[in-house]
Structure formats: structure tokens, C-alpha cells
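This is what each chain is made of:
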Amino acid sequence: MTRDFSLGEFEQMLMLAILQLGPDSHGPDIAQYLETAVDRPVSRGALYATLGRLEEKGYLRWQLEEPDAQRGGHRKRRFELTGPGVAALRTYRAALLELWSGLEGVLGSEGA
Amino acid sequence: MEGDMTPAEDAGAARGPHRLPERVLEWLLRPLGGAGESIVGDLRQEHARVVRESGSFAAARWHWRQSMSICVRTVRDRLARNGPFYAGGSGGRSGEPGRRKERWSVTELTGEIRYAVRGLARARQYAVAAVLTLALAVAANTVVFTVLNSVLLQPLVYADADRLVLLTQTAPGLGYPEFGISPGLYHQYREASTLVEESGLYVEQTVNLTGDDAAPERIDALLSTHTLFATLGRQPALGRGFTVEEDSPGGPAAVILSHSVWQRRYGGDASIIGRSVLVNGAEREVVGVMPESFGFPRDGVALYLPLGLDLATSSPGEFGFNAVARIAPGATIDQVRAQLDGLIARLPEFYPDQAEFIAFNEAGRLASVAQPLKMAIVGDLQRPLWLLLGTAALVLLIACANVTNLFLVRAEARQRDIAVRSALGAGRFRLTRQFLAESMALAIAAGGLGMLLGAAGVAGLVRTAPPGLPRLSEVGIDAYVLVYVAALTGVVAVLLAVVPAIRLTSPAVLALVSRSGTRTTTGRDRLRARQALVVIQTALALVLLAGSGLMLRSFSQLRSLDPGFDPEGVLTFRITLPAAAYPDAQSVAFLHDRLLERLRALPGVELAGGAREVPLANSANGTAFAIEDHPAGPGELPPILWYTHVSEDFFETMGIAIVTGEATGASSSEINRRAVVVDRIIAERFWPGENPVGHRLGSTGEDPMWFTIVGVVDEVRARRLQDEPDGMIYFPLIANVPAADSINAGPTIVRSMTYTVRGSRPEALSGAVRNAVREIDPNLPIAAINTMDTIVAQSMVQTSFTMLALVLAAALALFLGAIGLYGVISYLVTQRTREIGLRMALGAEAGAVRRMVAWQGFRLAAIGLVVGVVAATGLTRLLGSLLYATSPNDPLTFAAVTALLGGVAFVASWLPALRASRLDPARTLQAE
């Protein structure tokens, strides 16, 4: 079976952020997490488009939660990864680790 | 976290993001169901966070940008019919499959547009002409709408600005339209009103700012009660607002800086808080700096000072103040007004010992006026701006008519192609699409170019706009302008396509074409649309010309008014003497005398004088006077008259004619001389047919202080050029004004004085004048150096500004109209080449041919002129109060613009006729 590598860089980042945040994975939390943790500016257009695409691929699902006062009465979506989503990340990670191995001398290790 | 928010930020967050982007998002994302809803909520939640982190302005910007990024992706997905925002596919979680309607698909549309663009590229001249014409008109619309949007539509920069009202009074019984509020009245209002949440009393003043290394400055300041900032819902960005103690008589001296003065004078140094500066020579501690976007009551106010009045014991009759109030949520302005009027009725109870005030109150039928703050600030601009927007729309219509004409020419050339497609089964809608694609390509290009030109125009306008235009600093292109221009582009696209679509795809026309097999259909029928366009264009141009003609006439009427003084050759500047350095009348008079002496000695200066204020400076004072020969009866009010103070030689310097007697101000040696000069209006009002010299006027009350009239001068238009002069009393520079409720016991000390010097080249004198002042007192800042000519021009600014805009629009309309007519007649000549050739071959004279062709064009213009005159008769009434001494249907103006447009139409018809008559019959006949 050939592996499926259809994950983009931003898609991976989003999925990892969702795993990191756990039960707090709402849209604003994910965006802010990426903006602070990896210092990557996140256009909200790209954010929601990518979340939607991941959903289409079956890698994540969401459920609606009740709104709080700040949201003008709009409900909230909490995201979580599906089994296939976690599997896809795992596959990707394995592939990357394999590709990275033995290259520390060429590419330098962390902090160098 | 929430506890850290300042009230202003709190308000920004509570108010939520702008409605427009949120609405657009809601609408676009609705098909996504819960997912869409949550995105809107997410942005709202994040907006609140950004407000906390970076303030409400940054947050609004952030919200706009992110909303737009989502909108762009959504539109892209929808157009492409896939992707996460395309609800038709997965439909969110609902699982409901999207319906696929058979419509004009995106690929087909882009195909058509690409085809149209290729076609336009081949017909470059046509495309350039069409795009430029439309772009000019779009640019005009962009500029006008940008100003209108920023000035009239956008809320003021204060929190919840819709609830802010300005409280003033009116006294219809005495013919006073509207005037300010007194501290006493304000105090009663504040105590009694249950509908006002918070309010502030304020008054504007110019002050001297010194006390550091920078040069002394004369700047605008606002004195207000400590409640003003809370009323407006804005607090200092740095430091704090005023405390109750600072706002009491004799309280600690404090000052708050505007953002601009903080940046300009103190380099934005935050350590300024706690330092002290000299305001009018007295030390004040800087306690705060206002945010950048804040300016009240207008931009340009540089300092905020506490008023420091004990309101409870203040006079009810000193109406020189203003009050702004925040009405309670749910209360209406009418309710507030009714409540205040009820209070006015009870005023005699509060002030039993103020007989004058009670008499004034009764005779004047004092009533309160509450109007929305926004209207008070920008109300005067409402009419001109909407008028200009209408004008710009007319220009756009004319441009569209022009381009439609060009469009028709091209479309007709394709008629055969259309007929073939129709024969092959293309429906009417399908055929129309081709036109629509081309008109869209043109409109989008024109919209983009027009937007750029418009942006440049807005930038130019902001740089060159006359001073005194409110909210000018807020004028800028925002998303509303973008939406407006996009909508305009859409309208243009439809307008352009609609005529050819109807004309060329009608079954009758198609049948005709396919039968005859050539593109020449019946000439008369085919021309009718174009002829109608010429008529419409001419009529619209006439309306615009009439409007601008009337404004021009108003302007020249204003220009030719005799203001009562001779502004040419006069330079004016203003000085204020701080009380600390000039404590008494003697020292002030001494300085005035020395300075005048010094000014007169300057080379190039012929005369020099001074007055508390010069004409048209918009700051005259009025008070009640007793006239010795006409004592007011019991219960009768003394007349309220305008007065000012002048120095010797003031009348001569200003070129104000002396009618009789001696007309002089006083030098320091005459402080105690009780002499006064009146103008002819006062003289004729109280002493008709007599010489008033020797008669006396003075203060009202028990023991009047009398002043003897020593001279009469010509009347002067003192306040606005368009207002008839209504009397002025000229006191010597240093003299007590005999006002009834005058608080001053001693002589009035005029500390703020406008000097006037007359010379042949006034603008060249400003350097010398500055030096003269510096030599006498280096700490005195000079303000408002202006020639009198400039002051006169500024007083006409509204008229001249509207006029300029209308004249530009009319010139554009005239130009476009002429081109349109010329184009149609030229086309007609080309169409009739063969016929003309035949006629000439058969012996028709060149002159006859010329007349025939020219008449064909001029006839259309003539119909347009008639229609235009009728339309203009009704529409120019909208100019209303903008006109001065000019009837909206001024026959002279109407005749002139009709003649002008008729003349242009004649030339536009004659040129092609001339060409037709020079055709060589042999060649035209051979050609066929």
C-alpha cells in the first residue's frame, strides 16, 4: 500500500495545534496558538478554509457549543481529530523522521 | 483581564466590530449553517481580544482585514464550485446535497470576458476612449462619496455618538435664532434632568503655551467641566482626566494635551505627565494626553483645561458657553427638549433676584434646542455634499450615454454575427451575454482606474481643502467607498449593455438582418436610440450647467458686495497678553501703544491700528444697552447691540468711511474718556434724520455709565459676508463696556487684540511684523497672520467650494456632451456618405448639404436644451440656501447656460457637416 502524503504544511500545523490544545480547540484558540507558539501569522480566511478542507478529507470533525456573551449570540465550534486524521499525521511523521535521519551533520542541529 | 480595560476600550469592545463586514460575512456564510455561524462568532470574540490588546481602532482594522480574507476565499470557492466554503458540496454537516442550478457558469463568464477583452484590445482607440470617459466620472463619484461617507455617514469618533446631543437655547421673541448656554442654566439642567446620563459644559479659547525650550505658541484650547470626557466616552490615552478639585474655583492648575501637541512640542515623551507648562503665563501640571483620534469640539484643539466654575452660583445670563449631553438609552431628543423646556418655565423660581434675566427670559420666550451632536458639527455640509453626489451621478449618466453610443457603433458592426448565432439557436439571454461581458470588462477597467484617480483626488482635496471643513482629518477611502465603487461599476456595466441588448437582439431586428443579409437595417430606426441618448445627454448637461451657473452668479454677487471696509492691502495678526505679565489696564494700554508706534515706523507700513476683532472674524459680542433718548419702558427690554473695541487709526487702516464727527479709538492717555463711535445703522435706528454726535448711550440698570457719541462710521458686514450689517458700537480699546451683568468693576481689559497694518504689499510685511512684536516682548506669540483678503475669501468658503465643484462637474458634462453629439453626427455623416455624394453629384450645393447635416444634429440638441431647461427649473431649487441674492430660476443664468450649451452643440454639429460638404462625390459613389 502506498502512503498518502496529501497533507500540506499548514494542514499539519493546524492538526498538531488541535492535538496540543485538546478540549480547547476552538477557531480563535487555534489561530492564537499558532501565532504565539510558532510565530506564524494566520489569516483567518486561510484558517477556516483549511479547517474546512481537513473536514472534507475526513481528518477532523467538530461539534457546536453554546455561545458566551462576547460572541454576539453565535455558537462555537470545537474541533477534534478523527482516527484517520491522527493516522495521517503519524504516517507523515514517520516519513519525515526517516528523511531527516543522519542529516544533522549537513543541516545542523537545533541551536546551531 | 477585563478589569484592565479603560472605559474607552470597554466601550469599543462592547460595541463590537463594524456591522458592515459582519453582515456581509453572515450573509456569505449562511449556507454553511453552524460552521458559518461559528466563524462569525469567532471573529467577534477575537475582535474583543484585539480591542483589549491594541485598542478599538486597530481591532476594527483587524476585523475588516480578516473578514475580507474569509470573504475572498468564500467567493473564490463558490465561483469554482468546490472547496470548503462552497456549501453546495458537503453542505457542512447537514449532509444535504447542494443543488446545482443551471446558470451562467464561471468558466463561461470568464471565457466571454476574455473574448470581450481580446475584442477591446483590437479596438484600442474605442476601449481607451470608453474607459477614460467612464473612469473620470467614476473618479468624480469616488471623491464625492468618500467625503460624504467620512463626514456625514460615519459615526463621530466618540463612543456611542448617536446619543450625544448639543444643548443650546433660542429666543424667538427677540429674534435670536440660536445661542449657547449659560453656566447657571446648565447647572439647573444638570440637576433636574432625568433623561441625561452625563453632560459637560465647555467654551473654546485661544491661549499662549510657553514654559519650555520651544517657541511660544498661540493655540486653541477647550475649557470644560471635568465631566466632558466621560460624556463623550473617551479618556486620555496617557495619564488621567480632570478631578473634581481641579475643576473647582482655585483648584490645582491642570492641563491635558492633545495628541498632536504632545507629539509636535514634546516629541511624544511619556514623562511629560507630571511636568508643568505655562498656559497664558501661569503654571499648569500636565495630567493627561488624549488619544490620537480625539478632537473636541473639532480637530485642532490643542489643549484641554478645567473650567473651574462654581456652577451652582454661576450667572444664568451669560450665554457664551456650550453644553453636550449623553442622553440615556431609550430616551429621545424630543423628550429631553420637553423636559428642559419645562425647566425653563420654572427659572424665575431659581433666580428671583435676577430681574434682567427674567425679563429677557419672558420677552425672548426662551426655549431649549437639543440637536444631535453630529448634525451640529456637519449639518451645514449636508446639503452641499448630497447635492454634489447627485451632480456626480449626473456626470456618470452622461458618461454612460456617451459610451453607450460608442458601444452601439461596435455592436452594430457585429449584428450579422449576432443574427447568425440567433439563427443557430442562441436565445436572447445568451446573445445579451456577449454585450454584458464587454460592458463588464469596460466597467471593471473604468471602476479600477476611476478608483485610483479618485484616491488621488481625495488626497489632493484633503491637502488643499479650505480650513474649517469639519472632520477633514477623517476623510479617507474605506471599505464603504470600495463597496460603493464596486456597486457603481456594476450599475455602469448594466447601463452600458442594456440599450444595445434591447436594440440589437429584438426578434424584429434579427429577422430583418437575417433577411437582408447586410448590416444596414432601416437607418431611421437604428438611429433612434442614439438620438435619444444625445437628447438625454444635452438635457443633463444643461441641468449641471444651470446649477454651476447659479453658484457662479451667487459667488460674483458675494464678491461684488461692499463689505463696508477695504480689505486690499491690509495684514492682520492676533496677540494675547497673559495676565501674569500684563496685570492691569495701564500695562496693557502701554504695550498696545508701543506696538502700534513700532508698527507704524516699519518701512512699507502706511497705517496701523487694532481692534478686539476684525470684521468677518466671527466672534462679535452683543449686550444690552441703554439709549439716553429712548429709555426702555417698564417691562420693556433694552436693545441688544453688537460692540467691539478699537484703537486709534483703526477705521483709517481698515478703510471704513467716517460719516460724521471724529472717529477715533483711544490711546493710553484716554483711558477714562467716555467716548464712543457708532455706525450708520445704529445712528439711523435711534436718531433717524438727526446727527447722533453728542447723544449718549450706556449701561442698563440703576446707575448707568454714559458714553458720548463722538462720531458715526459706515456700516460694516461684521459677521458673515452674506448677512446684512445690523449695527455696531465701537468703544475705545480700553474702556468699560456698560453691560448690565458686567462682572468687571474696572475698565474692560482687552487682552486679545487683532492688529491691522496697511501697506502696498501686505503679505511681504509678516516678517517685519513678527520682528516688531519680538522686539517689544519676545514671549508674545503671534497668531493668525492673514491678509484681510484671505479672511474675506475664507468667509465665502462654502459658496466658493460648492461653486468650484459644480463648475468642474459642469465643465466635464459640457465636454462629454459635446463629444457625444459630435460622435453621433459624425457617425450619421459616415452612414449617409453615399446619399450625400449622390445629392452633390446631382447638383446640391455644399452649403445646403452643410445645413442639412448640421440641422440634424442641432435639432437633437435643441430638444435636449428644452427638456434640460424644464428639468433645471425644478432641480435648481435644491440649491436653496446655498445661493446668495440669486433666484434658483434666475433668467439671466438660464439664458446664458442655454446659449453656451447651444453654441457648443452647434459647433459639434457643424464640424461633421463641414466634412460632409467637402466629400468628393466621385469617390463616395465609387466606394460602393
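These numbers come from a predicted model, not from an experiment.

A. The pattern of salt bridges, seen in detail. Residues and elements named next belong to chain B. Summed over the entire model, instances satisfying the criterion amount to 30 salt bridges over all chains. We note a salt bridge from Arg-264 to Glu-217, for which the minimum N-O separation is 2.4 Å. Of this pair, Arg-264 sits in helix 9 (residues 259-266) while Glu-217 is found in strand 4 (residues 217-224), placing the two residues 47 residues apart along the sequence. According to the relative accessible area criterion, Arg-264 is partly exposed, its value standing at 49%. Looking at Glu-217, the relative accessible area reads 18%, which means it is buried. One salt bridge in this structure joins Glu-349 and Arg-346, with 3.9 Å as the shortest N-O distance. Looking at Glu-349, the relative accessible area reads 55%, which means it is exposed.

B. Representation of the packing of helix 13 (residues 373-413) of chain B against helix 24 (residues 797-831) of chain B within the structure. Residues and elements named next belong to chain B. Orientation of helix 13 relative to helix 24, taken along the N-to-C sense of each, is 10°, at an axis distance of 10 Å. In terms of axis orientation, helix 13 runs roughly parallel to helix 24. Here the hand of the crossing between helix 13 and helix 24 comes out left-handed. Classifying every residue of the contact of helix 13 with helix 24 gives 15 nonpolar, seven polar and two charged.

C. Structural context of the interface of chain B and chain A. Each partner contributes residues to the interface: chain B has 27 residues there, and chain A has 25 residues. A combined buried area of about 2,400 Å² lies between chain B and chain A, and 51% of that area is made up of carbon and sulfur atoms. Across the contact surface, chain B and chain A share three salt bridges. Linking chain B with chain A are twelve residue pairs in polar contact (both at pLDDT 80 or more). It is helix 3 (residues 34-54) of chain B that contributes the most residues to the side of chain B that touches chain A, 15 residues altogether. Residue composition of the side of chain B that touches chain A, by class: nine nonpolar, eight polar and ten charged.

D. Quick look at helix 26 (residues 846-875) of chain B. Residues and elements named next belong to chain B. Over its 30 residues, helix 26 runs 42 Å from end to end, which matches the ideal 44 Å to within 8%, given 1.5 Å per residue. Most pronounced at Trp-855, the bend in helix 26 amounts to some 25°. For helix 26, the set of buried residues is Gly-847, Val-849, Val-853, Ala-854, Gln-856, Gly-857, Leu-860, Ala-861, Gly-864, Leu-865, Gly-868 and Ala-872.

E. The arrangement of a nonpolar patch on the surface in detail. All names here are of chain A. A cluster of nonpolar side chains, namely Leu-96, Leu-99, Trp-100, Leu-103, Val-106 and Leu-107, defines an oily patch on the protein surface of about 620 Å² accessible area. Top contributing element to the nonpolar patch by residue count: helix 4 (residues 83-100), with three residues. Within the fold, Leu-99 resides in helix 4. Judged by its relative accessible area of 62%, Leu-99 is exposed.

F. Spotlight on the packing of helix 7 (residues 183-192) of chain B against helix 10 (residues 333-345) of chain B. All names here are of chain B. Between helix 7 and helix 10, the least distance of the axes is 10 Å, while the angle of their chain directions is 120°. Judged by the inter-axis angle, helix 7 sits oblique to helix 10. When you trace helix 7 past helix 10, the crossing you get is right-handed. Side by side, helix 7 and helix 10 meet where Gln-188, Tyr-189 and Ala-192 of the first sit next to Gln-339, Leu-340, Leu-343 and Ile-344 of the second. Partitioning the contact of helix 7 with helix 10 into residue classes produces five nonpolar, two polar and no charged.

Basis of the calculations
- Residues numbered from 1 in each chain as written.
- Chains lettered and ligands numbered in written order.
- Predicted model: local features only at pLDDT ≥ 70, side-chain atom pairs only at ≥ 80, totals over all residues.
- Heavy atoms only, no water.
- Salt bridge = Lys/Arg side-chain N within 4 Å of Asp/Glu carboxyl O.
- Helix = DSSP H or I, 4+ residues; strand = E, 2+ residues; numbered from the N terminus.
- Buried < 20%, exposed > 50% of the residue type's maximum accessible area, 1.4 Å probe, protein only.
- Axes fitted to C-alpha atoms, helices over the stretch in contact; angles between N-to-C directions.
- Parallel < 35°, antiparallel > 145°, perpendicular 65-115°, else oblique.
- Left-handed = near helix turned anticlockwise from the far one by under 90°.
- Nonpolar A, V, L, I, M, F, W, Y, C, P; charged D, E, K, R; others polar.
- Contact = heavy atoms within 4.5 Å.
- Buried area = accessible area lost by both parts, 1.4 Å probe.
- Polar contact = N/O pair within 3.5 Å; in protein donor to acceptor, adjacent residues only side chain to side chain.
- Expected span 1.5 Å × (residues − 1).
- Bend = angle between axes of the 7 residues up to and from the residue.
- Patch = residues over 30% accessible without salt bridge, like charges linked within 9 Å, V, L, I, M, F, W, Y side chains within 5 Å.
- Areas by Shrake-Rupley, 256 points an atom, 1.4 Å probe, with all protein chains shown as cover.

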